[in-house]
Amino acid sequence: MLLLIPGPVQTRPETRAALAQDIAPWDNDFRPTYASIRDRVRAIAGGQEGVHATLPLQGCGHFIMEAAIRTFIPAGGKLLIPQNGAYADRAVRLATECGRQVVALPGPDTRPVTGEEIDAALAADPAITHVAVVHHETGSGMVNDPEVIGPVVRARGRRLILDSVSAFGALPVDLSAHPEIDVVLFTSGKCLEGLPGIGFAVARIDSVTAAAGNAGSWSFDLLDVYEHAVRAGWGSFRFTPPVQALAAFGVALDLYAAEGGQPARLARYRENARILYDGVRGLGLTPYLEPRHQGPVIVTVHQPADPRFALQPFVDALKARGVLISNFYNTKVPTFRIGCVGAITPEQMRGAVAAIGGALDDLGVSRREAA
Ligand SMILES: *Cc1c(COP(=O)(O)O)cnc(C)c1O
């Protein structure tokens, strides 16, 4: 089965094989594996030793996102969220339920937020201390560019929290060139092609250590994660980690480096996305985004107008042909989304396009323009 979803992604057999062992997380034999994971993800983020720290948390992306919001923004503090997609909607809810004041900057999920829009919102409200941005919008496939947003946030003297959960490892992030970024967030099971189970924050140490008393939660306090690691002397994980998933993530990072790191991963994903985008157009379907806004992680496609199309039967027909996609969508109009990420080659992507055409034929879908 070819898994074409934006996470948990298709992994390599070597990565999955690392799960098949019992490990004591604090054991001397495991410490170097875990220490090297911390160093390597900091390097991928463009972080520097002594300036940035890798702070992992058990669980999914929402958990590390909540931890970052609680740690870097004091209770009652104010943050700006460009609300241009389904994952930005989630960030708004998360921050609101954490008791932070959210200023939402609404926008369409078909184009990135602009620097001018961010600048105007920050100029209008000096009480906003932080901007939280979804890097790649996993509902539509569009990319908000930290290279555009970062300088505006910096010039206004505010701080940036970057939810790069579905982009990190593929789209570049360079923390050393962006002192306004307090933290970049990602998980083990997306573009770095590990198994799910661990959220990562790569954060500025000065920002973390200035966050005393903010979190209002022990479990979600990244300052406590940091202090625990420092106290232990070797960076010990706080509470029981998903240690097999960590071991597998170490293998995934080996494979990432062997592939050629971020530029190579991005190039493969871009090629996957191009084949898919052109392929579905060739089948008579309509992609959701214009080519210039199409990112390399997912391609979202309008559901066809033909009344013989329905999402679950389409997903089932495609699955019968060996390709599994999401059976839900996150846009306001009916769409379906196809992942371009994970251990998938362009050749397999061409096969997926053929399978999509076959599944549409199976259902008798002939009118394929947008509903
Ligand atoms: C996947 C994702 C998350 C986190 O999702 P979980 O299901 O909690 O792991 C957060 N933000 C974005 C942009 C994502 O793509």
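Source: prediction; values computed, not measured.

1. Describing the pattern of salt bridges
Then, in step 1: Scanning all chains against the criterion turns up 25 salt bridges.
Then, in step 2: Ionic pairing is found between glutamate 259 and arginine 265, a salt bridge with its closest N-O pair at 2.7 Å.
Then, in step 3: Under the relative-accessibility criterion, arginine 265 is labelled buried at 2%.
Then, in step 4: Residues arginine 367 and glutamate 369 are paired through a salt bridge, measuring 3.4 Å at the closest nitrogen-oxygen approach.
Then, in step 5: Judged by relative accessible area, arginine 367 falls into the partly exposed class, the value being 44%.
Then, in step 6: Overall, glutamate 369 belongs to the partly exposed group, its relative accessible area being 39%.
Then, in step 7: Each of Glu271, Arg274, Asp278, Glu347 and Arg350 takes part in salt bridges that share partners, so that together they form one network.

2. Thoughts on the UniProt feature "domain: Aminotransferase class V" (unreviewed entry) in the protein chain
Then, in step 1: Those residues carrying the UniProt feature "domain: Aminotransferase class V" (unreviewed entry) are residues 33-296 in this numbering.
Then, in step 2: Across residues 33-296 one finds 42% helix and 17% strand; the C-alpha atoms that close the span lie 30 Å apart.

3. Regarding the nonpolar core
Then, in step 1: Formed by 39 residues in total, the largest nonpolar core has its most connected members in Leu80, Ile118, Val131 and Val184.
Then, in step 2: Listing elements by their share of this core, those giving two or more residues are helix 2 (31-44), helix 5 (115-124), strand 5 (128-134), helix 6 (146-155), strand 6 (159-163), strand 7 (181-187), strand 8 (198-204) and helix 9 (243-259).
Then, in step 3: The contact partners of valine 184, leaving out residues within four places of it in the chain, are Ala45, Leu162, Ser164, Phe168, Val173, Leu175, Phe200, Ala201 and Val202.
Then, in step 4: If you look at the next biggest cluster of nonpolar residues, it comprises 34 residues, including Leu79, Ala203, Leu222 and Tyr226.

4. What about the site of the ligand?
Then, in step 1: The full set of residues close to the ligand is Cys60, Gly61, His62, Tyr87, Val134, His136, Thr138, Asp163, Val165, Ser166 and Lys190.
Then, in step 2: Glycine 61 is positioned such that a nitrogen or oxygen atom in its backbone is 2.8 Å from an oxygen atom of the ligand.
Then, in step 3: A distance of 2.8 Å separates a nitrogen atom of the ligand from a polar atom in the side chain of aspartate 163.
Then, in step 4: For the shell around the ligand, the per-class residue count stands at four nonpolar, five polar and two charged.

5. Some points on the UniProt feature "modified residue: N6-(pyridoxal phosphate)lysine" (unreviewed entry) in the protein chain
Then, in step 1: In the numbering used here, UniProt assigns the feature "modified residue: N6-(pyridoxal phosphate)lysine" (unreviewed entry) to Lys190.
Then, in step 2: You can see lysine 190 is positioned in the loop between strand 7 and strand 8.
Then, in step 3: Lysine 190 gets classed as buried once you look at its relative accessible area, which sits at 15%.
Then, in step 4: Every residue in contact with lysine 190, bar those within four places of it in the chain, is listed here: Pro6, Gly7, Val9, Val165 and Ser166.

6. Let's talk about the packing of aromatic side chains
Then, in step 1: Applying the stated rule across the entire model yields ten aromatic pairs.
Then, in step 2: Judged by centre distance (3.7 Å) and plane angle (5°), the rings of phenylalanine 168 and phenylalanine 186 are stacked. Of this pair, phenylalanine 168 sits in the loop between strand 6 and strand 7 while phenylalanine 186 is found in strand 7, placing the two residues 18 residues apart along the sequence. The same class applies to phenylalanine 168 as to phenylalanine 186, namely buried.
Then, in step 3: Their ring planes at 45° and their centres at 5.1 Å tell us that phenylalanine 309 and phenylalanine 314 sit as a pair that is tilted. The same class applies to phenylalanine 309 and to phenylalanine 314, which are both buried.
Then, in step 4: Aromatic ring contacts, followed pair by pair, group Phe168, Phe186, Phe200 and Phe249 into a single cluster.
Then, in step 5: The cationic tip of arginine 38 hangs over the ring face of tyrosine 34; the distance from NZ or CZ to the ring centre is 4.7 Å.
Then, in step 6: Sitting over the ring of tyrosine 87, arginine 90 keeps its end group 4.5 Å from the ring centre.

7. Some details on the environment of alanine 18
Then, in step 1: Note that alanine 18 resides in the loop between helix 1 (13-17) and helix 2.
Then, in step 2: For the pair alanine 18 and valine 134, spaced 116 residues apart in the sequence, the C-alpha separation amounts to 31 Å.
Then, in step 3: Residues contacting alanine 18, with those up to four places away along its chain left out, are Gln244, Ala247, Ala248 and Val251.

8. A few points about the sheet that holds strand 2 (residues 52-58)
Then, in step 1: The strand order across the open sheet formed by seven strands is 2-8-7-6-5-3-4, and the pairing between neighbours is mixed. Taken across any chain shown, the strands that pair with only one partner, and hence form the sheet edges, are strand 2 and strand 4 (101-106). In this sheet, neighbouring strand axes are inclined to one another by 20° on average, regardless of whether the strands run parallel or antiparallel.
Then, in step 2: Sheet topology note: the strand 2/strand 8 ladder contains seven bridges and is antiparallel. Opposite proline 56, over in strand 8, you have phenylalanine 200 as the bridge partner.

9. A look at the domain arrangement of the protein chain
By a widely used convention, the size of an interface equals the accessible area lost when the partners come together.
Then, in step 1: When the domains of the protein chain are assigned, the result is domain 1 (14-257) and domain 2 (261-363).
Then, in step 2: Each of domain 1 and domain 2 has a C-alpha centre, and these two points are 28 Å apart.
Then, in step 3: Contacts between the two partners involve 25 residues from domain 1 and, on the opposite side, 22 residues from domain 2.
Then, in step 4: Counting the surface lost from both domain 1 and domain 2, the interface buries some 1800 Å², and carbon and sulfur atoms represent 55% of this.

Rules used in this analysis
- Residues numbered from 1 in each chain as written.
- Predicted model: local features only at pLDDT ≥ 70, side-chain atom pairs only at ≥ 80, totals over all residues.
- Heavy atoms only, no water.
- Salt bridge = Lys/Arg side-chain N within 4 Å of Asp/Glu carboxyl O.
- Buried < 20%, exposed > 50% of the residue type's maximum accessible area, 1.4 Å probe, protein only.
- UniProt positions renumbered as here; feature names shortened; annotations may be inferred.
- Helix = DSSP H or I, 4+ residues; strand = E, 2+ residues; numbered from the N terminus.
- Core = buried A, V, L, I, M, F, W, Y, C linked by side-chain atoms within 4.5 Å.
- Contact = heavy atoms within 4.5 Å.
- Near = heavy atom within 4 Å.
- Polar contact = N/O pair within 3.5 Å; in protein donor to acceptor, adjacent residues only side chain to side chain.
- Nonpolar A, V, L, I, M, F, W, Y, C, P; charged D, E, K, R; others polar.
- Phe/Tyr/Trp six-rings, centres within 6.5 Å; stacked < 30°, edge-to-face > 60°.
- Lys NZ or Arg CZ within 6 Å of the ring centre and 35° of its normal.
- Pairing = 2+ DSSP bridges.
- Axes fitted to C-alpha atoms, helices over the stretch in contact; angles between N-to-C directions.
- Domains from an automatic or database assignment.
- Buried area = accessible area lost by both parts, 1.4 Å probe.

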